[in-house]
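Residues per chain are reported as follows:
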Amino acid sequence: MSAVVEVRGLRKIYPLDGNEVIALAGIDVALAPGEFVAVMGPSGSGKSTFMQIVGLLDSPSAGTYRFEGNDVSTLHGDERADIRSRRLGFVFQSYNLLSRTSALENVELPMVYAGVPESRRRQIAVEKMELVGVAHLQKHNPNQMSGGQQQRVAIARSLVNDPGLILADEPTGALDTKSSADVMQILQRLNREQGITIMLVTHEPEVAAYARRVVTFRDGRIVSDAQNVDRAA
Amino acid sequence: MTLAATLRLALQALVRNKIRSLLTMLGIVIGVAAVIVTVAIGAGARASVQNSINSLGSNLIVVQPGSVTQSGARSGFGGASTLTPDDGLAIAKLPGVASVSPQVTIRTQVVAGENNWQTTVTGVAPTYTFIRSWPLAAGRFFGESDLAGSAKVAVLGATVVQQLFPDGQSPVGATIMVKGAPFTVIGTLAPLGQSGMGQDQDDTVIVPYTSAMERLTGLTTVNALLVSAANSSEIDAVQQSLTALLEQRHRITPSQPDDFQVRNLQSIAQAASQTGAVMEFLLAGVAAVSLIVGGIGIMNIMMVSVTERTREIGLRMAVGAHAKTILSQFLTESIALSTIGGLAGVCIGALATILVASIAHWPTTIPAQWVVASVLFASMVGIFFGYYPAQKASRLNPIDALRFE
């Protein structure tokens, strides 16, 4: 089976005030199906840029990116949007749920753009909400839920199109310790029980400890790539 | 995404901000409602002028006696007693004249059995029903033989029938007393309603003008000559030739003022409808300005909305919305705002029109083409002023949009 993500010589250069800022200076890495990888590094290390490229929100300046076996390095806006819609799930630090919109409708949103028929949308959304333990919050609006509940709704949303990869960008950054542990346990369980490939971006070692593999960035390069022996078992 | 799904998204977004959506629509609502009310009143007034003119007979030319000066005091029009039935007969021979009827009017009391009623007795020729395009309700109208014999026959207007024969039985064959003379009722007229001046046209008793002159007024002159032109294009020509004829018959030299006055209702109607058309164009202009102001309001709110919902847009893009989908979502929102505003404006305008009609008793008509045009124009305002904000939304970079605070 081909790798979910496979990048070779990936570079990203931003123009800034006439100078060039090198965000990624040649990355080579691959994610196999079923992996749970934490990407770590201080701010400015390039880990966010890496996640944006892997998440097809941005395109590389040089190098190749193969997603599920296909070269996606040079795709354009709508083609990238289609892959995001069908094969990728996103979990953000700030949840990004639509306000004044019920949890159920929030979870259904990606399926609206993927063209899933309405009756099926509801069924799948309820199913995924049950999976992360928020089925009882279907009618609640985001402002009626705690941060931990909102993040779990956001995780349910990332699952609805059965993505090949979930990208979690600092998913616990806005949560207290207890909620953080809950959210990370859910991600861990999804990875172990459903075999979902997850890439987690964080700067907290406690959070990264839930992953099976930790890749560390510094100055636009990978400085370490190790299996997480403590918890991998 | 299907059109229905896009529309649904847009409506959901509008419902989430009910108060703001309502306030944004308000400009369009007021603009369209104003258009509907003013057009309805204008069109109603025009229709009623046209109607009353048509009810008088569309090709009608009215000749009335002119003013006379007695001991230095000038009477008004109609003061002179100069028109005779013979003038009418002479006019009838002019080319382009379809028919002529002298008209003698006198206000008097009429009696039928125990009921009596003061009304206008009108003496005319048998051509009168044709000139006025006034159909009969029952019985017959008098003919040339009745005219020649000054027959004591009468045809009653609907109001007189109601007042003299309130129990509903047919008055045809009954005898009524007019100024002491018995007249046999031979027919009744269909109701015409109010004239353009608000007079009840049905409040009249019609008799042959010969009978009226001999038995009621005792005069040899008439109050008016009603002339019907053969068709509307000949009205002006007929008016000129009959003026010349009457001047000759009345021996009026070019230095003297005419002792009669000729009025042509078609030209009055045309002037009225031209004024109405100018008013409608002015109204359309005012309406267009108010709708454009409403459109600017929509654009303003859509710009705020796009900025406020930057993160929402970023998220929608991240989960797979195409740029075009975002564009159509925001464009649909502004079109929905303006179209719903337009429809609401039509409803409010229609209600206000009904209110005006019932309180002020003004005749009103809501022309369907104005309803359609104002709603369409409102929608176009939505497209025009919604495009820029929608395009701005669709061009956002999802990464920046998701980070926007």
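Engineer: Explain the overall build of chain A residue by residue, including any values.
Structural biologist: The helix and strand inventory of chain A stands at eight helices and 10 strands. The C-alpha radius of gyration of chain A comes to 17 Å, within 12% of the 17 Å expected for a compact globule of 233 residues. Dimensions of chain A, computed from the C-alpha atoms along their principal axes, are close to 50 × 40 × 40 Å. For chain A, the exposed surface amounts to about 10,100 Å²; the carbon and sulfur share of it is 47%. The centroid of the 25 positive side-chain charges in chain A is displaced by 3 Å from the centroid of its 27 negative side-chain charges.

Engineer: I'd like a rundown of the packing of helix H10 (residues 310–318) of chain B against helix H11 (residues 323–360) of chain B, residues and numbers included.
Structural biologist: Residues and elements named next belong to chain B. The contact between H10 and H11 brings their axes to 10 Å, and the two run at 140°. Viewed along their axes, H10 and H11 adopt a mutual orientation that is oblique. For the pair H10 and H11, the sense of crossing is right-handed. Packed against H10, whose contacting residues are Glu312, Ile313, Arg316 and Met317, the element H11 presents Ile326, Gln329 and Phe330 at the interface. Each residue belonging to the contact of H10 with H11 can be placed in one class, and the counts come to four nonpolar, one polar and two charged.

Engineer: Lay out the pattern of salt bridges in plain terms, naming residues and giving numbers.
Structural biologist: A full pass over the atoms with the stated rule returns 18 salt bridges over all chains. One salt bridge connects Glu68 of chain A with Arg87 of chain A, and the closest N-O pair in it is separated by 2.8 Å. Of the two residues, Glu68 of chain A is situated in the loop between strand S4 (62–67) and strand S5 (70–71) and Arg87 of chain A in helix H2 (residues 77–87); the sequence distance between them amounts to 19 residues. The exposure class assigned to Arg87 of chain A is partly exposed, which follows from its relative accessible area of 29%. Connected through shared salt-bridge partners, Arg309, Glu312, Arg316 and Glu333 of chain B make up one network.

Engineer: Can you explain the sheet that holds strand S10 (residues 221–227) of chain A? Please cite residues and give values.
Structural biologist: All names here are of chain A. Strands sit in the order S6-S7-S8-S3-S9-S10 across an open sheet of six strands; the sheet is mixed. Because the sheet does not close on itself, it has two edges, and the strands there are strand S6 (88–91) and S10. Pairwise comparison of adjacent strand axes, ignoring direction, gives a mean angle of 20° for this sheet. Pairing between S6 and strand S7 (residues 165–169): four bridges, direction parallel. Across the sheet, residue Phe90 finds its bridge partner in S7, namely Leu167.

Engineer: Summarise the side chain of Thr353 of chain B; cite the residues concerned and give the values.
Structural biologist: Residue and element names in this part refer to chain B. The topology assignment puts Thr353 in helix H11. Classification of Thr353 by relative accessible area gives buried; the value is 2%. Residues in contact with Thr353, not counting those within four places in the same chain, are Ile36, Val37, Ala40, Thr364 and Ile366.

Engineer: Pulling in residues and values, what's your account of the sheet that holds strand S1 (residues 5–16) of chain A?
Structural biologist: All names here are of chain A. Spatial ordering of the open sheet is given by S2-S1-S4-S5, a layout of four strands whose pairing is antiparallel. Looking at which strands have only one partner, the edges of the open sheet turn out to be strand S2 (19–31) and S5. In this sheet, S5 lies alongside S4 in antiparallel orientation, the contact comprising two bridges. Across the sheet, residue Arg66 finds its bridge partner in S5, namely Asp71. Packed onto the sheet, helix H1 (residues 47–54) meets S1, S2 and S4 and runs at close to 120° relative to S1.

Engineer: Outline the domain arrangement of chain B, supporting the account with residue identities and numerical values.
Structural biologist: Examined at the domain level, chain B breaks down into domain 1 (3–52 + 270–403) and domain 2 (81–258). A C-alpha centroid distance of 55 Å is found between domain 1 of chain B and domain 2 of chain B.

Engineer: Can you lay out the interface of chain A and chain B for me, pointing to particular residues and giving the numbers?
Structural biologist: If you look at the interface, chain A gives 23 residues, while chain B gives 23 residues. At the boundary of chain A with chain B, total buried surface from both sides reaches about 2,100 Å², with 56% on carbon and sulfur atoms. Here chain A is connected to chain B by one salt bridge. Between Arg8 of chain B and Glu118 of chain A there is a salt bridge, with its nearest N and O atoms 3.0 Å apart.

Engineer: So, H1 of chain A: which residues are in play, and what are the values?
Structural biologist: All names here are of chain A. Within H1, seven of the eight residues are buried, which leaves the element mostly enclosed by the surrounding structure. For H1, the full list of buried residues reads Lys47, Thr49, Phe50, Met51, Gln52, Ile53 and Val54. Two residues or fewer past H1, Leu56 is found with a positive phi of approximately 55°.

Engineer: Residue-level account of the side chain of Glu108 of chain A, with values.
Structural biologist: Structurally, Glu108 of chain A can be placed in helix H3 (residues 103–114). In this view, Glu108 of chain A contacts Arg121, Arg122 and Ala125 of chain A; residues no more than four positions away in its chain are not counted.

Engineer: Hey, could you go over the pairing of strand S7 (residues 153–156) of chain B for me, with residue numbers and the actual values?
Structural biologist: Residue and element names in this part refer to chain B. Along S7, one buried face is formed by Val153 and Val155 and the opposite face, lined by Ala154 and Leu156, is buried too. In this sheet, strand S10 (residues 204–208) lies alongside S7 in antiparallel orientation, the contact comprising two bridges. Residue pairing in the sheet places Val155 in a bridge with Ile206 of S10.

Engineer: Account for the nonpolar core, naming residues and giving values.
Structural biologist: One finds Val5, Phe50, Tyr65, Phe67, Leu165 and Met199 of chain A to be the most contacted residues of the largest nonpolar core, which totals 64 residues. In terms of residues, this core owes the most to one element, H11 of chain B, which gives seven residues. The residues touching Phe67 of chain A, leaving out its near neighbours within four places in the chain, are Val4, Val5, Val72, Ile83, Arg87, Leu88 and Leu165 of chain A. In terms of nonpolar packing, the next biggest core, distinct from the first, is built from 44 residues, Leu216, Ala229, Leu242 and Leu246 of chain B among them.

Analysis parameters
Residues numbered from 1 in each chain as written. Chains lettered and ligands numbered in written order. Predicted model: local features only at pLDDT ≥ 70, side-chain atom pairs only at ≥ 80, totals over all residues. Heavy atoms only, no water. Helix = DSSP H or I, 4+ residues; strand = E, 2+ residues; numbered from the N terminus. Rg over C-alpha atoms; globule rule 2.2 N^0.38 Å. Areas by Shrake-Rupley, 256 points an atom, 1.4 Å probe, with all protein chains shown as cover. Lys, Arg positive; Asp, Glu negative; His and termini not counted. Charge placed at Lys NZ, Arg CZ, Asp CG, Glu CD. Axes fitted to C-alpha atoms, helices over the stretch in contact; angles between N-to-C directions. Parallel < 35°, antiparallel > 145°, perpendicular 65-115°, else oblique. Left-handed = near helix turned anticlockwise from the far one by under 90°. Contact = heavy atoms within 4.5 Å. Nonpolar A, V, L, I, M, F, W, Y, C, P; charged D, E, K, R; others polar. Salt bridge = Lys/Arg side-chain N within 4 Å of Asp/Glu carboxyl O. Buried < 20%, exposed > 50% of the residue type's maximum accessible area, 1.4 Å probe, protein only. Pairing = 2+ DSSP bridges. Domains from an automatic or database assignment. Buried area = accessible area lost by both parts, 1.4 Å probe. Core = buried A, V, L, I, M, F, W, Y, C linked by side-chain atoms within 4.5 Å.

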